[in-house]
Amino acid sequence: MRRVAVTVGSAVLVLAVLVGAWELYRWIWISTGWTWPFLVDDTSMPHVHTIVEALFKQPTAGVGDILIVQLFHASLFTAKEAAVGFVLGASLGFALGVVMSQWRIMQRGLLPYVVASQTVPILAVAPIVVVYLGSLHVAAWFSVSVIAAYLTFFPVAINTLRGLLSTDRRAVELMRAFAAGRWTILWKLRVPAALPYIFAALKISATACIVGAIIGEAPSSIQDGLGGYIVNFNQYYTLNPQNLWATNLIAALVGISFFLLVVLAEKLVVRRAPEYVA
Amino acid sequence: MSVQPNVGKSVVEIQGLTKRFERGDVVALQDIDLAIEPGEFISLIGPSGCGKSTLLRIIGDLIEPTSGTVTVNGKPAPRARADHDYGIVFQDSVLFDWRTVAKNVSLPLEMLGWERARRKARVDEMLALVELQGFGDHHPWQLSGGMQMRVAIARALALEPALLLMDEPFGALDEMTRERLNMELLGIWDASKSTVVFVTHSIAEAVFLSTRTVVMSARPGRIANVIEIDLPYPRTSSTREDPHYFELVTRVREALHLGSDLDAVAP
């Protein structure tokens, strides 16, 4: 109970400091007229209270729900795309990690392409995925999930490989003494021992898949998700900068929720690894 | 408790064993001949680099010899490993952190596909043997170093192997814990009727535990001497004050020094 209080308390404190820093920076730059590194005014840095107020107004006067309600629905839509992408990407990444760890030749052959895949900008890949999957009559949101998976699989593949290859040498010897074969050693020893590595990657991927989903929505012309709102508010930034900031805030909250879900899963799984992974 | 009788054929039989490591062209072991009888407690002692741990791993078929033959229970070493004829304990307990104590002990049983009830019965029996009843649901990190080592011994004995291989199992423990575990190990050895091969660099430990102490010398690793430890069992703390115990400690020490002197003289 006390630990929870300390955690919540420190989170609130950090948030207060960040808001304070934002407002202090604004105040100093505006009152001194500094323009380095950029001009500070109500367009580049709206007041925090303006951003929060925007959440409770209709983005277009007289039309539809207030912004926070609209963004809530958009978040659910994007979260679904991201979650499917996360599961796809994490599974692919884990499978690649296992394959590369078990056959050196696969590691030599596959690893360069795995790395190269991430040097291609996602903005260049996204339209290709949308067009290709669209021609197969796959739902548009699923194309977005595939794009999210593209950002998700990489950290998982790299860390799974690393984790599976860092098994304690003596533990492997022990398994061999029990006449364990390669696959028994993999499932009973290497995978459970690699779980901390894999979860470190899943935490990175949890936030990356949200970014992937938001970016993927743009070339798919999907209006229902956070990506659609971001593209839209971007066009009207000079008029209503607070709407874009408010959307960013909500997108960040979705990312944080995903991250916390992975942390929770880690707490449950790593303590009771054999039942879950064997 | 008495010295366990030598009956039947050897548990371990090593003939003309040589191990050369390709890298650096090092001769780790040269012309090793050794027969270990059922119920014996054999210590391998020698300076670092004498190949005692390598010899233990060759008996366990974890390393292949360059030449010579090794049989365990009358079978070639690889066959014996496949048949789970031995259990092994390393210097670190090598317990799996993600498993409870009971699940660590049941690991070899799971691998043989034992059903749950049978596993549980054997695990309980093993935990009783190493006096860790009630600790089955603990995780390894909740135990002291000495207790972790007892879990490792229980795991090694779970399949009731004829042979227990131990590679400096108490080397990382403090002297008090070590002496207590030495005593407990003799109890376990007597109760389990197994044969033990025990690698150590402690003369006192080797003499206190063994029926025979094999003294090795380094570069190349050879058997310099085999000393019968004719102290009666059960051995207790008063054994360590027995004048004959001191004589034997002195003999092992001299054999060790003689081994290293030979080494110094040899080209």
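For clarity, every value in this text was computed on a predicted model and none was experimentally measured.

So what about the overall build of chain B? Which residues, and what values?
Tallying secondary structure elements over chain B gives eight helices and ten strands in all. Computed over its C-alpha atoms, the radius of gyration of chain B comes to 18 Å, within 12% of the 18 Å expected for a compact globule of 267 residues. Taking the principal axes of its C-alpha atoms as reference, chain B extends roughly 60 × 45 × 35 Å. Put simply, chain B has 267 residues, and 55% of those count as buried. Summarising the internal contacts of chain B: among those between residues at least 6 apart in sequence, 70% fall at separations of at least 24.

Account for unusual backbone geometry, with residues named and values stated.
Between A:W36 and A:P37 the backbone carries a cis peptide bond, its omega angle lying at -5 degrees. Within the secondary structure layout, A:P37 lies in the loop between α1 (2-32) and α2 (48-55). With an omega of -10 degrees, the peptide bond between B:R219 and B:P220 qualifies as cis. Locating B:P220 in the fold gives a position in the loop between β9 (212-217) and β10 (222-228). Positive phi, close to 60 degrees, is recorded for A:A179, a residue that is not glycine. You can see A:A179 is positioned in the loop between α7 (169-177) and α8 (182-217). Even without being a glycine, B:E168 presents a positive backbone phi close to 45 degrees.

Account for the interface of chain A and chain B, naming residues and giving values.
Think of interface size as the accessible area that goes away when the parts come together; that is how it is often given. Counting residues at the interface gives 21 residues for chain A, matched by 22 residues for chain B. Together chain A and chain B conceal approximately 2,000 Å² of surface at their shared face, both sides included; 65% is due to carbon and sulfur atoms. Connecting chain A to chain B are three salt bridges. B:D92 serves as the salt-bridge partner of A:R170, at 3.0 Å between the closest nitrogen and oxygen.

Would you mind going over the pattern of salt bridges in detail, with residue names and values included?
All names here are of chain B. By the definition in use, this model includes 20 salt bridges over all chains. With a closest N to O distance of 3.0 Å, E205 and R178 form a salt bridge. Separated by 27 residues along the polypeptide, E205 in helix α7 (residues 203-209) and R178 in helix α6 (residues 175-192) bring together distant segments of the chain. Note that R240 and E179 form a salt bridge whose closest N and O atoms lie 3.8 Å from each other. Residue R240 is located in the loop between β10 and α8 (243-265), and its partner E179 is located in helix α6; the two are separated by 61 residues in the primary sequence. Note on R240: relative accessible area 14%, which makes it buried.

How would you summarise the side chain of B:E205 if you had to cite specific residues and measurements?
Residue classification places B:E205 among the buried positions, given a relative accessible area of 3%. Those residues in contact with B:E205 that sit more than four places away from it in its chain are B:F170, B:R178, B:N182, B:F198 and B:T200.

Could you give me a rundown of the environment of A:S75, with the residues and numbers involved?
Residues and elements named next belong to chain A. When you line up the elements, S75 lands in helix α3 (residues 67-102). Sequence separation between S75 and W29 is 46 residues, and the spatial gap between their C-alpha atoms is 34 Å. When near neighbours in sequence (up to four residues on either side) are disregarded, S75 contacts L226, I250 and V254.

Any chance you could break down the packing of aromatic side chains for me, citing the residues and the numbers?
What the rule picks out here adds up to 14 aromatic pairs over all chains. Seen in terms of ring centroids, A:W141 and A:F142 are 6.0 Å apart; in terms of plane orientation they differ by 85 degrees. Their pairing is edge-to-face. The class for A:W141 is partly exposed, based on a relative accessible area of 27%. B:R235 extends its terminal NZ or CZ atom over the ring of B:Y233, reaching a point 3.9 Å from the ring centre. The residue whose ring lies beneath B:R240 is B:F208, and the NZ or CZ to ring-centre distance is 3.9 Å.

Give me the sheet that holds strand β4 (residues 67-72) of chain B: which residues, what numbers.
Residues and elements named next belong to chain B. Ordered in space as β2-β1-β4-β5, the four strands form an open sheet in which the pairing is antiparallel. Every other strand in the sheet has two partners, leaving β2 (26-36) and β5 (75-76) as the edge strands with one partner each. In the sheet, strand β1 (residues 12-21) pairs with β4 via five bridges, with the strands oriented antiparallel. Counterpart to Q15 in the pairing with β4 is T69.

Pulling in residues and values, what's your account of the side chain of B:S217?
Position of B:S217 relative to the elements: it lies in strand β9. Accessibility expressed as a relative area gives 5% for B:S217, which makes it buried.

Go over the packing of helix α5 (residues 122-135) of chain A against helix α6 (residues 140-165) of chain A with me, naming the residues and quoting the values.
When two helices pack together, their arrangement is captured by the angle between the axes and the distance separating the axes. Residue and element names in this part refer to chain A. Two elements in contact, α5 and α6, have axes whose closest approach is 9 Å; the angle formed by their N-to-C orientations is 145 degrees. Here α5 and α6 pass one another in a crossing that is right-handed. Residues I122, V125, A126, V129, V130 and L133 of α5 form the contact with α6, whose own contacting residues are S143, V146, I147, Y150 and L151. Here the contact of α5 with α6 is built from residues that sort into ten nonpolar, one polar and no charged.

Rules of the game
- Numbers given for residues are sequential positions, taken from 1 along each chain in its written order.
- Naming scheme: in the order in which they are written, chains are lettered from A and ligands are numbered from 1.
- Under the rules for a predicted model, residues below a pLDDT of 70 receive no local features and side-chain atom pairs below 80 are neither given nor counted, while totals for whole chains, interfaces and linings still include all residues.
- Where side-chain values are given, they derive from all heavy atoms of the structure, hydrogens and water being excluded.
- Numbering of helices and strands runs from the N terminus, with a helix taken as a DSSP run of H or I at least four residues long and a strand as a DSSP run of E at least two residues long.
- Only C-alpha atoms enter the radius of gyration; for comparison, a globular chain is expected to reach 2.2 Å times N to the power 0.38, where N is the number of residues.
- The buried label applies to any residue whose accessible area, calculated with a 1.4 Å probe on protein chains only, is under 20% of its type's maximum; exposed applies above 50%, and partly exposed to all values in between.
- The contact definition used throughout considers only heavy atoms, calling two residues in contact when any of these lie within 4.5 Å.
- In this description, buried area is defined as the sum, over both parts, of the accessible area (probe of 1.4 Å) that is lost when the two are combined.
- The term salt bridge refers to a pairing of a side-chain nitrogen on Lys or Arg with a carboxyl oxygen on Asp or Glu at a separation within 4 Å.
- Ring pairs shown here join Phe, Tyr and Trp side chains whose ring centres sit within 6.5 Å, with only the six-membered ring taken for Trp; geometry is labelled stacked below 30 degrees between planes, edge-to-face above 60, and tilted in between.
- By definition here, charges over rings are those cases where NZ of Lys or CZ of Arg is within 6 Å of the ring centre and within 35 degrees of the ring normal.
- Strands are labelled as partners when DSSP assigns at least two bridges between them.
- In this analysis an axis means a line fitted to C-alpha atoms, helices contributing only their contacting stretch, and an angle means the value between N-to-C directions, from 0 to 180 degrees.
- Crossing handedness follows the turn of the near helix against the far one: under a right angle anticlockwise gives a left-handed crossing, and clockwise gives a right-handed one.
- Throughout this entry, Asp, Glu, Lys and Arg are counted as charged residues, while Ala, Val, Leu, Ile, Met, Phe, Trp, Tyr, Cys and Pro are counted as nonpolar. The remaining residues, Gly among them, count as polar.

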